[in-house]
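Each chain is listed here by its residues.
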Amino acid sequence: PPNTLFILVAENDSLILPTILSRTQLIKVPPLSRLDIEAALELKEGVSLQKAEQVAAVSEGNFHEALQQLQHADEDWEVLLRDWLNSIIKSGPAAQVKWIEEIAKIGREKQKQFLKYFTHLLEHAIRLNVMGEMASVSREPGSIHDFALRFNKLCNIPQQEAIISELDHAAYYIERNANAKILFHALTIKLYHIISNKSVILMQ
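A short tour of the structure in this document, coming up. Sequence positions are assigned chain by chain, starting from 1 and proceeding in written order. Local features are withheld for residues below a pLDDT of 70 in this predicted model, meaning they are given only at 70 or higher, and side-chain atom pairs are given and counted only at 80 or more; totals for whole chains, interfaces and linings count all residues. Hydrogens and water molecules were not included; the side-chain quantities draw on all heavy atoms of the structure.

**Quick notes on the environment of Gly61**
Phase 1: Here Gly61 lies in the loop between helix 3 (49–58) and helix 4 (63–71).
Phase 2: Owing to a relative accessible area of 17%, Gly61 belongs among the buried residues under this scheme.
Phase 3: Expressed as a C-alpha distance, the spacing of Gly61 and Leu32, which sit 29 residues apart in the sequence, is 4.4 Å.
Phase 4: We call two residues contacting when some pair of their heavy atoms lies within 4.5 Å. What Gly61 contacts, discounting residues up to four positions off in sequence, is Pro31, Leu32 and Ile37. Per the convention used, a helix needs a DSSP run of H or I reaching at least four residues, while a strand needs a run of E reaching at least two, with both numbered from the N terminus. Exposure categories follow from relative accessible area, calculated using a 1.4 Å probe and restricted to protein chains: below 20% of the type maximum is buried, above 50% is exposed, and the middle band is partly exposed.

**Side note on unusual backbone geometry**
Phase 1: Of note in the backbone geometry, Asn3 takes a positive phi value of approximately 60° without being a glycine.
Phase 2: Tracing the backbone through its elements, the reader meets Asn3 in the segment before helix 1 (18–21).
Phase 3: Judged by relative accessible area, Asn3 falls into the exposed class, the value being 84%.
Phase 4: At Asn177, a position not held by glycine, the phi torsion is positive, near 65°.

**With respect to the side chain of Lys112**
Phase 1: Residue position: Lys112 is located in helix 7 (residues 108–131).
Phase 2: Pairs of N or O atoms within 3.5 Å make up the polar contacts considered here, provided that, within protein, one atom can donate a hydrogen while the other can accept it, and that residues adjacent in sequence are counted only when both atoms are side-chain atoms. Side chain to side chain, Lys112 and Glu175 meet in a polar contact 2.9 Å long.
Phase 3: With residues near it in sequence (within four places) discarded, Lys112 still touches Ile174 and Glu175.

Written out as structure tokens, the structure reads:
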């Protein structure tokens with residue numbers, strides 16, 4: 001009918017057929033700034049400043065993702081990650097099995113959010129390695145920044161990139177209903193082999 005407007009939405013215009021793309025007016029919508037997401041979480045969702053900073057930091061400019069993160073904001077990903085790394089580095093198989101039992105109980109969505117948190121922390125650690133103090137201007141929450149600094153004492157950039165690759169694969173299989181215990185057991189073994197050449201303990 002007259003005055004009809006079709007809006008096509010895509011995340012990657014390079015994957016759209018040229019015959020379609022040539023007949024459209026391309027409008028790129030940039031990600032929201034971290035400050036905008038923090039403000040929206042505080043004003044609209046009643047979230048504390050500290051929690052808003054943490055959620056906005058890993059939402060990658062996506063407010064919908066921030067709301068999804070908020071559903072699992074009661075989880076302390078830093079403590080969970082610290083326990084996992086310590087079980088891998090110094091505590092041994094018994095602690096690893098206990099940790100795997102716990103992570104298997106929290107459900108797929110929270111497992112994906114946890115892996116996303118770890119990936120974000122690693123990406124910040126790599127930025128710190130490459131850019132030094134200049135990376136501090138990214139205004140990461142203090143807990144993520146401090147954890148990333150400690151993680152750089154544990155792993156170098158190639159190791160961190162290898163871990164990110166494994167986390168991405170794990171998230172892919174979680175989406176496809178992989179058995180959580182088997183998946184995190186395999187992931188734990190892979191992380192052990194990636195970082196086994198280092199003896200620095202990440203957390204006290």
